[in-house]
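So you can see what is in the structure, the chains are spelled out below.
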Amino acid sequence: MFRTLAGLLAGSSLLLAAPTLPLMNVPFDADAAEKGRRDCAKLLNVDAEFTNSVGMKMLLIPPGRFTAGPNGSTYRVSLSKPFYVGSTEVTLGQYRRFRKDHRIDKAADEANGDDRPAAAVSWEDARAFCRWLSDQPEEKTAARVYSLPTEARWEWAARAGSNGPRPFGDETLKSDKGLTEYAWFNRTYTPNPKEETAERGRQPVGKLKPNAWGLYDTLGNVWEWCDDRRIDEATGEERQPVMRGGSWRSGGFHFTVVATHPADPKAKGANSGFRVF
């Protein structure tokens, strides 16, 4: 029986006994991504995927190296530890296990369905959900601890082996027409539509094509909060947390793995959600 990674790493002796994992290097294709996931799971004797107590499918992502950031501001990142990530954004149904009556104001009834991604969720709300989920009996028994991703982990998961701005490989997918197979976004470029109707807004998760890891909607549907927030008491410097991935309101230009959207930790929007790691 395979164990979950959180359970394996919960004890220091198990961590010390874990084998050194090879780091994957971009670019690689979907076959290599899946092989990397399975090989990582086998080396650690853990599950390559599991479904948690609120119905989230969690996928194991192996460690690797890549060049992060937009052209002109790139930097090298090495992630030496594997991690689990939700295959979809957190849905309203899952979020309502935490906050029962949560709804998105001025959204059509369809947009408030349990299968739509949670929205109107602040950075503080998303972190509170992760703490709540980690504290559920089944999760505590399995020693699973959930969090928002660091920006580096988010980008590695979203890139899925790509060294380009979009994680789909095929040159034709640089067009907005090709992007519709992978992402929900503002195809008509109506300036920042405010309200969600039956046809425009958040859509059910997991309905379009996934990236090479098997993750859905990493671009589009809702912006996804990252955990990073820098506060330096010595200098008085403070940086807002950011969201990644674009949303249903965004034009195609936002749909890259390097686009960022900084926001106040308390900010809530009909296009802001999250994914657990």
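About the cut-offs
Counting restarts for each chain, with residues numbered from 1 along the sequence as it is written. Under the rules for a predicted model, residues below a pLDDT of 70 receive no local features and side-chain atom pairs below 80 are neither given nor counted, while totals for whole chains, interfaces and linings still include all residues. Heavy atoms from the whole structure form the basis of all side-chain values; hydrogens and water molecules are not counted. For this analysis, a ring pair means two rings from Phe, Tyr or Trp (six-membered ring only for Trp) whose centres lie within 6.5 Å, classed as stacked if their planes differ by under 30 degrees, edge-to-face if by over 60, and tilted for the remaining angles. Numbering of helices and strands runs from the N terminus; a helix is a DSSP stretch of H or I covering at least four residues, while a strand is a stretch of E covering at least two. Residue burial is assigned from relative accessible area. The probe radius is 1.4 Å, only protein chains are included, and a residue is buried under 20% of its type maximum, exposed over 50%, and partly exposed in between. For two strands to be treated as a pair, DSSP must find at least two bridges joining them. What makes two residues a contact is simply this: any of their non-hydrogen atoms within 4.5 Å. For helices, the fitted line uses only the C-alpha atoms of the stretch in contact; every axis is such a line through C-alpha atoms, and the angle between N-to-C directions lies from 0 to 180 degrees. The span one expects for a helix is its residue count, reduced by one, times 1.5 Å. Note: the arc covers the axis-to-C-beta directions of the helix. Any pair of N or O atoms that falls within 3.5 Å is considered a polar contact. Within protein, one atom must be able to donate a hydrogen and the other to accept it, and sequence-neighbouring residues count only if both atoms are side-chain atoms. Here, a salt bridge means any side-chain nitrogen of Lys or Arg that lies within 4 Å of a carboxyl oxygen of Asp or Glu.

Caption draft 1: Examining the packing of aromatic side chains more closely. Here the structure, examined in full by the defined rule, presents 14 aromatic pairs. With centroids separated by 4.9 Å and ring planes inclined at 75 degrees, the aromatic side chains of Phe50 and Tyr84 adopt a geometry described as edge-to-face. Of this pair, Phe50 sits in strand E2 (residues 49-51) while Tyr84 sits in strand E6 (residues 83-86), and the two are 34 residues apart along the sequence. As far as the burial class goes, Phe50 and Tyr84 line up, both buried. Both rings, one in Tyr95 and one in Phe98, keep their centres 5.6 Å apart while their planes meet at 70 degrees; by these two values the pair is edge-to-face. Taking relative accessible area as the criterion, Tyr95 reaches 0% and is therefore assigned buried. Following the ring pairs from residue to residue traces out a cluster consisting of Tyr95, Phe98, Phe129, Trp132 and Phe274.

Caption draft 2: Structural context of the sheet that holds strand E7 (residues 223-225). Spatial ordering of the open sheet is given by E11-E10-E7-E12, a layout of 4 strands whose pairing is mixed. Looking at strand neighbours, the two that pair on one side only are strand E11 (260-262) and strand E12 (272-273), the edges of this open sheet. Looking at chain direction, E7 and E12 are connected through 2 bridges and run parallel. Bridge pairing in E12 links Trp223 to Ser272. Each of E7, strand E10 (242-244) and E11 touches helix H7 (residues 151-159); the most contacted strand, E10, lies at about 5 degrees to it.

Caption draft 3: Local environment of the pairing of E6. The alternating pattern of E6 places Phe83 and Val85 and Tyr84 and Gly86 on opposite faces, both of which are buried. Across 4 bridges, strand E3 (residues 57-61) lies against E6 in antiparallel orientation. Bridging from a neighbouring strand, Leu60 pairs with Tyr84 of E6.

Caption draft 4: Looking closely at the sheet that holds E6. If you trace the 3 strands from one edge of the open sheet to the other, you get E2-E3-E6, paired in antiparallel fashion. For this open sheet the edge positions go to E2 and E6, each flanked by a neighbour on one side alone. Each strand of the sheet is rotated relative to its neighbour by a mean of 30 degrees, with strand direction disregarded. Across the face of the sheet, helix H3 (residues 30-44) comes into contact with E2 and E3 while running at roughly 85 degrees to E3.

Caption draft 5: Structural view of the environment of Arg187. Mapped onto the elements of the fold, Arg187 is located in the loop between helix H8 (176-179) and E7. The exposure class of Arg187 is exposed, given its relative accessible area of 53%.

Caption draft 6: Here's a closer look at unusual backbone geometry. Note the cis peptide between Val26 and Pro27, where omega equals 0 degrees. Within the fold, Pro27 resides in the loop between strand E1 (24-25) and H3. For Ala160, which is not glycine, the phi torsion reads 50 degrees and is therefore positive. Along the chain, the position of Ala160 falls in the loop between H7 and H8. Positive phi, normally seen in glycine, also occurs at Asp217, with a value near 60 degrees.

Caption draft 7: Expanded view of H3. The first and last C-alpha atoms of H3 sit 21 Å apart over 15 residues, in line with the 21 Å expected at 1.5 Å per residue. Those residues of H3 that sit buried are Ala33, Gly36, Arg37, Cys40, Ala41 and Leu44. For H3, the arc enclosing every buried residue in end-on projection is 125 degrees, short of the 170-degree limit, so these residues lie on one face. The exposed residues of H3 that point more than 90 degrees off its buried face are Asp31, Lys35 and Lys42. Its side-chain oxygen 3.3 Å from the backbone nitrogen of Asp31, Asp29 forms the N-cap of H3. Taken from the residues just after H3, Asn45 is the one with a positive phi, measuring 60 degrees.

Caption draft 8: Structural context of the pattern of salt bridges. Scanning the entire structure with this criterion turns up 23 salt bridges. Between Glu181 and Lys209 there is a salt bridge, with the nearest N and O atoms lying 2.6 Å from each other. With a gap of 28 residues between them, Glu181 in the loop between H8 and E7 and Lys209 in the loop between H8 and E7 connect regions that are remote in the sequence. Looking at Lys209, the relative accessible area reads 40%, which means it is partly exposed.

By themselves, these figures tell us nothing about what the structure is for.
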